Amino acid sequence: MERRRLPVLFALIFAGWVMAQQKNASQATNPVEGVASGRTRVVDLGYAINDRLVKWPGDTRVFEARTNASVEKNGYFTRSFWMLEHYGTHMDAPIHFPPGKTPVDRIPVEHLFGPAVLIDVRAEAARDADYRLRVERVERWEQAHGRIAPGSIVLLRTGWAARWPDAVRYRNQDAAGVMHSPGFSVESVRVLIERKVSGIGIDTISADAGASKDFEVHRAALGAGLYHLENLANLSALPEAGAFLVVAPIKLEGGSGGPCRVFAILP
Ligand SMILES: [Zn+2]
């Protein structure tokens, strides 16, 4: 081989190697590849919607569905439905509480995809129904798995899903009607805001502890542009780190939130 052609040959080999690396990298980092074939497991973190789910105290009309056309009469099947924005597995958009501003349809789509940070407080919540996530628990997660990445979605696993759909046990109200369920604390949420997470989620009726009167987690998190996911299902199937979330709220123009599909792609 002529000496002049050698550099060309090496350049071609190098270009081929770079392309192969890029192909490998795209295969390794695309979290949804393998879902269709079943190689990658997806967990559905939502409850199916009907009129028998746990409702917020005081809510009367929550969900109604009516058959508009039936196969017998019309040759096809359609329904119409009515429901609250905050019922079942749902999202709280920032506009839900002041000083939050963004309605559910205006949340940047990039915020709806992110690594799932799962903090397990089942033991604490079993001892204390009014448990609020302590900053030390967030720090302990980071000691084990590294600093929480920007764009993460932080899920609190309290074990409350085991009480669903028993409204009495899930809301856990005392004689005065005050609910007792675990939640985030405003101190822990301030740390998560600092970490620039996209949202927080929980397997109870509210991101705030049930007994909260001032909804300070709602004000702090939504005010900082985060969203909440409430009444999440199946958090027991998630690892503390390594899952990837896809969050798909209904795109209601100007909505305060709404029913939401949430999928966890397991590592
Ligand atoms: Zn809500």
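To keep things clear, this report deals only with the structure shown in the data block.

Turning next to the coordination of the zinc ion. Coordination of the zinc ion by the protein is provided by His86 (ND1), His90 (NE2), Asp92 (OD) and Glu230 (OE), with metal-donor distances spanning 1.9 to 2.4 Å. Between the four donor atoms coordinating the zinc ion, the angles at the centre fall across 75 to 166 degrees, so the site counts as irregular. Look at Asp92 and you get buried, because its relative accessible area is 0%.

A separate point is helix H4 (residues 135–145). Regarding H4, the residues found buried are Val135, Arg137, Val138, Trp141 and Glu142. The buried residues of H4 all sit within an arc of 165 degrees when viewed along its axis, so they share a single face. Facing away from the buried side of H4 by over 90 degrees, the exposed positions are Gln143 and Ala144. The inward-facing, buried residues of H4 abut strand S5 (113–120), helix H3 (122–127) and helix H6 (186–194). Positive backbone phi, approximately 95 degrees, marks Gly146, located one or two places after H4.

Once that is clear, we can look at the packing of H6 against helix H7 (residues 216–223). Where H6 meets H7, the closest approach of the two axes is 9 Å, and the angle between their N-to-C directions is 10 degrees. Taken together, the axes of H6 and H7 lie roughly parallel to each other. Seen from H6, the contacting residues are Val186, Val189 and Ile193; seen from H7, they are Glu216, Val217, Ala220 and Ala221. Considered class by class, the residues forming the contact of H6 with H7 number six nonpolar, no polar and one charged.

Turning to the packing of aromatic side chains, a few remarks are in order. All told, the structure shown has five aromatic pairs when counted by the stated rule. Ring geometry for Trp56 versus Phe215: centroids 6.3 Å apart, planes at 40 degrees, classification tilted. Of the two residues, Trp56 sits in the loop between strand S1 (42–44) and strand S2 (63–69) while Phe215 sits in the loop between strand S7 (199–202) and H7, which places them 159 residues apart along the sequence. On the basis of relative accessible area, Trp56 is assigned to the partly exposed category, the value being 32%. Members of the aromatic cluster, each reached through a chain of ring pairs, are Tyr47, Trp164 and Tyr170. Over the ring of Trp82 we find Arg61; its NZ or CZ atom is 3.8 Å from the centre of that ring. In this arrangement the basic side chain of Arg163 is found over the ring face of Trp160, its NZ or CZ atom lying 3.8 Å from the centre.

This brings us to the nonpolar core. Core analysis: the biggest nonpolar cluster contains 23 residues, and Leu45, Met91, Leu155, Leu229, Leu238, Leu245 and Val247 have the highest contact counts within it. Counting only elements with at least two residues in this core, the list comes to S5, strand S6 (153–157), strand S8 (227–230), strand S9 (244–249) and strand S10 (257–265). With three residues, S10 is the largest single contributor of residues to this core. Excluding residues within four positions of it along the chain, Leu238 makes contact with Val43, Leu45, Leu118, Leu155, Arg157, Ala243, Ala264 and Leu266. Core analysis: the second largest hydrophobic core is formed by 22 residues, Val117, Trp141, Val189 and Val197 among them.

Along the chain, Asp105 turns up in the loop between strand S4 (90–92) and S5. Here Asp105 sits buried without a salt bridge, and the closest side chain of opposite charge, Arg106, lies 5.2 Å off (N-O distance). Looking at Asp105, its side chain comes within polar contact range of the main-chain nitrogen of Gly254, at 2.9 Å.

To continue, consider the environment of Ile153. Along the chain, Ile153 falls in strand S6. Relative accessible area serves as the criterion here: at 0%, Ile153 is assigned to the buried category. The residues touching Ile153, leaving out its near neighbours within four places in the chain, are His111, Phe113, Gly114, Pro115, Ala116, Val117, Ser198, Gly199, Tyr227, Leu229, Leu245 and Val247.

Our focus in this paragraph is the pairing of S5. Most of S5 is tucked away: six of the eight residues are buried. Relative to S9, S5 is paired through three bridges, and the arrangement is antiparallel. Within S9, the position partnered with Phe113 by the bridge is Val246. In this sheet, S6 lies alongside S5 in parallel orientation, the contact comprising five bridges. Bridge assignment links Val117 to a residue of S6, and that residue is Val154.

How each quantity is defined
Residues numbered from 1 in each chain as written. Predicted model: local features only at pLDDT ≥ 70, side-chain atom pairs only at ≥ 80, totals over all residues. Heavy atoms only, no water. Donors = N, O, S within 2.8 Å, 3.2 Å for Na, K, Ca; no water. Tetrahedral: all angles 85-135°; square planar, octahedral: opposite > 155°, others 65-115°. Buried < 20%, exposed > 50% of the residue type's maximum accessible area, 1.4 Å probe, protein only. Helix = DSSP H or I, 4+ residues; strand = E, 2+ residues; numbered from the N terminus. Arc of directions from axis to C-beta. Contact = heavy atoms within 4.5 Å. Axes fitted to C-alpha atoms, helices over the stretch in contact; angles between N-to-C directions. Parallel < 35°, antiparallel > 145°, perpendicular 65-115°, else oblique. Nonpolar A, V, L, I, M, F, W, Y, C, P; charged D, E, K, R; others polar. Phe/Tyr/Trp six-rings, centres within 6.5 Å; stacked < 30°, edge-to-face > 60°. Lys NZ or Arg CZ within 6 Å of the ring centre and 35° of its normal. Core = buried A, V, L, I, M, F, W, Y, C linked by side-chain atoms within 4.5 Å. Lys, Arg positive; Asp, Glu negative; His and termini not counted. Salt bridge = Lys/Arg side-chain N within 4 Å of Asp/Glu carboxyl O. Polar contact = N/O pair within 3.5 Å; in protein donor to acceptor, adjacent residues only side chain to side chain. Pairing = 2+ DSSP bridges.

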